[in-house]
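Per-entry structural report
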Amino acid sequence: MGTKEWKFRENRNLRTAATFSIKRVLDDVNRNLDRSDGRPIIPLSHGDPSSFSCFRTTQVAEDAVVDALRSAKFNGYAPKGGALQARRSIAEYLSRNLPYKLSPDDVYVTLGAKQAIEVVLSALSRPGANILLPRPGYPVYEAHAVLNHLEVRHFDLLQEKDWEVDLNGLETLVDDKTVAMVIINPGNPCGNVFTRDHLQKIAETARRMGILVIADEAYAHLTFGSNSYVSMGVFGNLAPVLTLGTLSKRWLVPGWRLGWIARSDPDGIFEEHGVVECIKRSLITNTEAATFIQAAVPQILENTTDDFFVQTINILQEDADMCYKWLKDIPCFTCLQKPQGSLFLMVKLDFSQLQGINDDMDFCSKLAKEESVLLLPGFVLGLKNWIRVTFAIEPSALEEGLARIKAFCMRHANKQ
């Protein structure tokens, strides 16, 4: 028999999209761990603090899920776009921070914030379209842009200006095929929090350019610096805003996979331009968030007390202060700024202070092998030879991890 020629082939877009995976990069770093090292692994590499006892969710949330599950009323499929009671409670929750009220029809429930990204980018896709993404940023946007045939154009976040958007540079990227810009506030990966004034300037720029704003607010309210959290939706009267949110971060339950898309668009621009219908069509082809989790949302949003949030913020502030204090005393780290929010900070490697380290991936790989500490190389976030540090872990574990990082850097210090 001759060789059969099969007609199927790999999807090369999926291969390209996978290059923007934080998990893939961390898997590569993790492979360097020395399994004979008896010390505990210190994970300063990913944004999931829920495995640490000090970051346990509130009992209000746990009870809400248990009550919904035991009621036996929420074992069926959820409606596309989300259960009404969940959408209503999310609309009321978000409206607390807006100058106008959202309705349940302004909210779409998603299977976590990642699905919200997927839905929005698929809704905006059209031949030749491009989207503006921040650098550094969250690479899931790049991945879904590739899968939806959206050209990516990057605007810079200015480290010397507390990671503000380079609005002048952004305007040079816009043409008649630009559909949207993405902002992440509070910031992942930089730990910055935009001021109200800067958010207004972003909205004014978007209006002038005729583009919508996708506001990734997964870390909403997780702020502990001088800048308070302000929702981009406040400026929905200047430019239409799609806000992406989630229970994952503020309630410390990323495994529950409950997110949302909210329209801040008092002038009805989304409806007029068909975006609402496209979001609904995209949701029809996607899986719904678990019905019993959706049923628990009203109780979670309405009954969680401030003391739970305050406790979380206090630990994050303690961790952020400790992380900044340790890292600023290590010579090979530069461009360090004290985080104002989220769970992260970015730091630049100064290779003149290091010996035998080639780049950010090499630094993280050797650190994992020698010290069992995990960090995320910055190249996957758009900044090569930078490092993202996640400080949201048990404070005692964080202190040990920082001490190991310092020992590693001293061992690899340039002796010349």
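Residues numbered from 1 in each chain as written. Predicted model: local features only at pLDDT ≥ 70, side-chain atom pairs only at ≥ 80, totals over all residues. Heavy atoms only, no water.

Bringing the pattern of salt bridges into the picture now. Per the stated rule, a full pass over the model turns up 25 salt bridges. Linking R24 and D28 is a salt bridge whose minimum nitrogen-to-oxygen distance equals 3.7 Å. Within this pair, R24 and its partner D28 are both found in helix 2 (residues 22-30), separated by 4 residues, close to a single helical turn. The partner of R39 in a salt bridge is D37, and the shortest N-O contact between them spans 2.9 Å. Looking at R39, the relative accessible area reads 31%, which means it is partly exposed. Three or more residues joined by partner-sharing salt bridges are found here, namely D37, R39, E370, E371 and R411. (Salt bridge = Lys/Arg side-chain N within 4 Å of Asp/Glu carboxyl O. Helix = DSSP H or I, 4+ residues; strand = E, 2+ residues; numbered from the N terminus. Buried < 20%, exposed > 50% of the residue type's maximum accessible area, 1.4 Å probe, protein only.)

With 140 residues, the main nonpolar core has I214 and F363 as its most contacted residues. Take this core: its biggest share by element is 9 residues, from helix 12 (residues 306-327). Among residues more than four places away in sequence, those in contact with I214 are V120, L121, L124, I131, Y141, A180, M181, V182, I183, L242 and L244. (Core = buried A, V, L, I, M, F, W, Y, C linked by side-chain atoms within 4.5 Å. Contact = heavy atoms within 4.5 Å.)

A sheet is described by the order of its strands in space; here 4 strands give the open sequence 10-11-14-13, paired in antiparallel fashion. The sheet is open, and its two borders are formed by strand 10 (333-334) and strand 13 (376-377), each paired with just one other strand. Sheet topology places strand 13 next to strand 14 (residues 386-390); 2 bridges connect them, and they run antiparallel. Looking at the pairing, P377 lines up with I387 of strand 14. (Pairing = 2+ DSSP bridges.)

Attention shifts here to the pairing of strand 9 (residues 259-264). Along strand 9, 6 of the 6 residues are buried, which leaves the element largely enclosed by surrounding structure. Across the two faces of strand 9 the burial is the same, with G259, I261 and R263 and W260, A262 and S264 all buried. For strand 2 (residues 107-110) and strand 9, the ladder comprises 4 bridges, and the chain directions are antiparallel. Paired with V107 across the two strands is A262, which belongs to strand 9.

If you check the domain split of the protein chain, you get domain 1 (12-56 + 307-410) and domain 2 (73-303). On a C-alpha basis, the centres of domain 1 and domain 2 stand 26 Å from each other. Listed as interface residues are 36 residues of domain 1 and, on the opposing side, 34 residues of domain 2. The largest contributions to the domain 1 side of the interface with domain 2 come from F20, Q337 and Q340, which together make up 23% of the buried area. The tally of links between domain 1 and domain 2 comes to 0 salt bridges. (Domains from an automatic or database assignment. Buried area = accessible area lost by both parts, 1.4 Å probe.)

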